[in-house]
Amino acid sequence: MSESDLILGIVVATALAFDFTNGFHDTANVVATSISTRAMSPRIAVGYAAMLNFAGAFISLQVAATVANDVVDPLAITTTVIFAGLIGAITWNLITWYFGLPSSSSHALIGGVVGATFVAAGADAVLGDGILGKVLIPALIAPVLAFVIGVLAITICYGILGRQRPGPVTRGFRFGQVISGGLLALAHGTNDAQKTMGVITLALIANGSIASDAEVPTWVIVSAASAIALGTYTGGWRIIKTMGTRIIKMDAAQGFSAQGAGAAVILTSSHFGFPLSTTQVIAGGVMGAGAGKRLSAVRWGVAGNIVVAWLLTLPAAAAIGGLTYVVTDVFPGVVGPLLVSLVGLGLAAAAFVRRVRHGEPVPAA
Amino acid sequence: MIATVVDTTALWETAVYSLIAGLGVTAIFSLALLGATRMSEATRDGRSATAALYAAVAVIGLLGTAGAVVGGVIVMTSK
């Protein structure tokens, strides 16, 4: 096995580790509303979401194509650049997980890859038009759209069913959440698993393992789907708490509306190849379903903290990705990525132990 | 400048289809629930014709919801 194949192996393992943390980190987005309205028990909700995340990863490849071609120049990419970008994304995911903040895994990944590419190959290798048109503008529009749909959906629900007895209506909407929650998990699989597929495909192209115009290999699809499903099943319980109870205290109709709004926006965006932040979209739907009932139902302080985390995600992950590239560049060949992986694993383990010992996260409010 | 960078048609279609899907499914499912709750009340009160009418609303609503979900997934997989 050549040295470049070894580096490729480390990159693929790191990408799948990112995919795992993506599922782990974003489980909350998918299941929090179902759990907080008692539509499903936590274990069943998480298992159900894991299965549908796995299935969703097979549905479409539009987002993978965008990540592989429209964010950075594929010709300027090396396996070390991708490795550095992934470390930037994983590190930012773990930092926000540590503090219980539902930030965007997608923007962390794109930020990390952009930062590492910028340091490695200069500004020309960063496709500003693609980032603006395919990432930043959809990222601004999608949560607002989910918010608007959430407001209108809850208004429709209350308009049609407001005068009915609450017991049967609540039971009905809990059943509805099984459908809307399933669609949301499917949507998450279509959009988020594909980002990892896109990154692994970029690494395979950079290594010369596949042609630049090749399709995403089947083993890449299966392994990315499995990693995100496993991460989802493992679950990020502290973010579930923030997403499910701290933004708004919701009823079953609001949960259904929020999930429906999120699923509609993410599935449609996946169809058109926009790599969205599923976190932002779902939080937009949750806030919309809260604001549609009354504006004061939304804890705007918590929402503000989440917005700050989102704003920091792209630059922070880019900075970590760029810094990681500098470190790996100091050590020749496989030594740099190996060293960074070992240090990263050690820091991640320390963060887990510290968090388990201290229990509650630093509150998001 | 932004107009040349952004695929405005795709963004516009995303917004329109999301709105139609999100609000359409919500409305149809809410009507199904309305049919189910009213059917139960009408049955309890012995109004069988009204109960049958609301049962039809509930069934049509549920079928519409299922159809919208399946249709959406088929559209996703067809591209």
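The residue count restarts for each chain, going from 1 along the sequence in the order it is written. The naming scheme follows written order: chains are lettered A onward, ligands numbered 1 onward. Only residues with pLDDT of 70 or above have their local features reported here, since the model is predicted, and side-chain atom pairs are shown and tallied only from 80 upward, although totals for entire chains, interfaces and linings are computed over all residues.

J.: Looking at this structure, I do not really get the overall build of chain A. What am I missing?
T.: Helix and strand labels come from DSSP, where a helix needs a run of H or I of at least four residues and a strand needs a run of E of at least two; each type is numbered from the N terminus. A count of helical and extended segments in chain A gives 13 helices and zero strands. The helix and strand sequence of chain A, counted from the amino end, reads α-α-α-α-α-α-α-α-α-α-α-α-α. C-alpha atoms define the radius of gyration, and 2.2 Å times the number of residues to the power 0.38 defines the globule rule. Relative to the compact-globule value of 21 Å for 365 residues, chain A shows a C-alpha radius of gyration of 20 Å, a close match. Once the C-alpha set of chain A is aligned to its principal axes, its extents read approximately 70 × 45 × 30 Å. We call a residue exposed when 12 or fewer other C-beta atoms sit within 10 Å of its C-beta, buried when the count reaches 20 or more, and partly exposed for counts in between; the C-beta positions come from the backbone. Burial status across chain A gives 62% buried among its 365 residues. Counted over contacts in chain A with a minimum sequence separation of 6, partners at least 24 positions apart contribute 90%. A pair of residues counts as a contact when their C-beta atoms, built from backbone coordinates, are within 7 Å of each other.

J.: Please explain helix H1 (residues 3-36) of chain A as it appears in this structure.
T.: An α-helical segment advances 3.6 residues per turn. Residues three or four places apart therefore align on the same side. Residues and elements named next belong to chain A. End to end, H1 covers 49 Å across 34 residues, agreeing with the expected 50 Å (1.5 Å per residue, within 8%). Counting buried residues along H1, 28 of its 34 residues qualify, which places the element largely inside the surrounding structure. One or two steps after H1, the chain reaches Arg38, where phi turns positive at roughly 65 degrees. For a helix, the expected span equals 1.5 Å multiplied by the residue count minus one.

J.: Sorry if this is basic, but what is going on with the interface of chain B and chain A here?
T.: How big an interface is tends to be reported as the loss of accessible area on association of its parts. Contacts between the two partners involve 32 residues from chain B, matched on the other side by 38 residues from chain A. Of all the elements in the fold, those that place two or more residues in the side of chain B that touches chain A are helix H2 (8-44) and helix H3 (48-78) of chain B. It is H2 of chain B that contributes the most residues to the side of chain B that touches chain A, 22 residues altogether. Polar here means any residue other than Ala, Val, Leu, Ile, Met, Phe, Trp, Tyr, Cys and Pro, which are nonpolar, and Asp, Glu, Lys and Arg, which are charged; Gly is therefore polar. Considering only residue class, the side of chain B that touches chain A consists of 19 nonpolar, ten polar and three charged.

J.: Help me out: how do you make sense of unusual backbone geometry in this one?
T.: Most peptide bonds take the trans form, and the phi angle of most residues other than glycine is negative. Residues and elements named next belong to chain A. Residues other than glycine seldom take positive phi values, yet Arg38 does so here, at roughly 65 degrees. Among the structural elements, Arg38 can be located in the loop between H1 and helix H2 (42-56). A residue is classified by how many C-beta atoms lie within 10 Å of it, and Arg38, with 12 of them, is exposed.

J.: What am I meant to see in the packing of helix H4 (residues 79-98) of chain A against helix H7 (residues 166-206) of chain A here?
T.: Any two packed helices are characterised by how steeply their axes cross, that is the angle between the axes, and by the distance between the axes. Residues and elements named next belong to chain A. Helix axes use the C-alpha atoms of the stretch in contact, all axes being lines fitted to C-alpha atoms, and the angles between their N-to-C directions lie in the range 0 to 180 degrees. Where H4 contacts H7, the axes come no closer than 8 Å and their chain directions differ by 155 degrees. Our classification of the angle between H4 and H7 gives roughly antiparallel. Contact residues: Thr79, Ile82 and Leu86 in H4; Val199, Leu202, Ala203 and Ala206 in H7. Considered class by class, the residues forming the contact of H4 with H7 number six nonpolar, one polar and no charged. Should an angle lie under 35 degrees it is considered roughly parallel, over 145 roughly antiparallel, and from 65 to 115 roughly perpendicular; all remaining angles are considered oblique.

J.: It is not clear to me how the confidence of the model for chain A should be interpreted in this structure. Could you clarify?
T.: Do not read the predicted coordinates in detail wherever pLDDT is low. Within a predicted model, pLDDT stands for the predictor's per-residue confidence, ranging from 0 to 100. Here chain A averages 83 in pLDDT, and 92% of its residues register 70 or above. In the predicted structure, residues 361-365 of chain A sits below a pLDDT of 50 and forms 16 contacts with residues beyond four places in sequence or in another chain.

J.: For this particular structure, what's the right way to read the packing of helix H3 (residues 62-69) of chain A against H7 of chain A?
T.: All names here are of chain A. Viewed as axis vectors pointing N to C, H3 and H7 meet at an angle of 40 degrees, and their least axial separation amounts to 7 Å. Relative to H7, H3 is oriented oblique. The crossing of H3 and H7 is right-handed. On H7, the residues touching Val63, Ala64, Val67 and Ala68 of H3 are Asn191, Gln194, Lys195, Met197, Gly198, Val199, Thr201 and Leu202. A class-by-class count of the residues in the contact of H3 with H7 yields seven nonpolar, four polar and one charged. Helix crossings are classified by the rotation of the near helix relative to the far one: an anticlockwise turn of less than a right angle makes the crossing left-handed, while a clockwise turn makes it right-handed.

J.: Would you take a moment to explain the environment of Ala317 of chain A for this structure?
T.: All names here are of chain A. Following the sequence through the fold, Ala317 ends up in helix H12 (residues 300-330). Taking the C-alpha atoms as reference points, Ala317 and Gly288, 29 residues apart in sequence, are found 28 Å from one another. When residues no more than four places from it in sequence are discounted, the contact partners of Ala317 are Gly88, Ala89, Trp92, Ala108, Gly111, Gly112 and Gly115.

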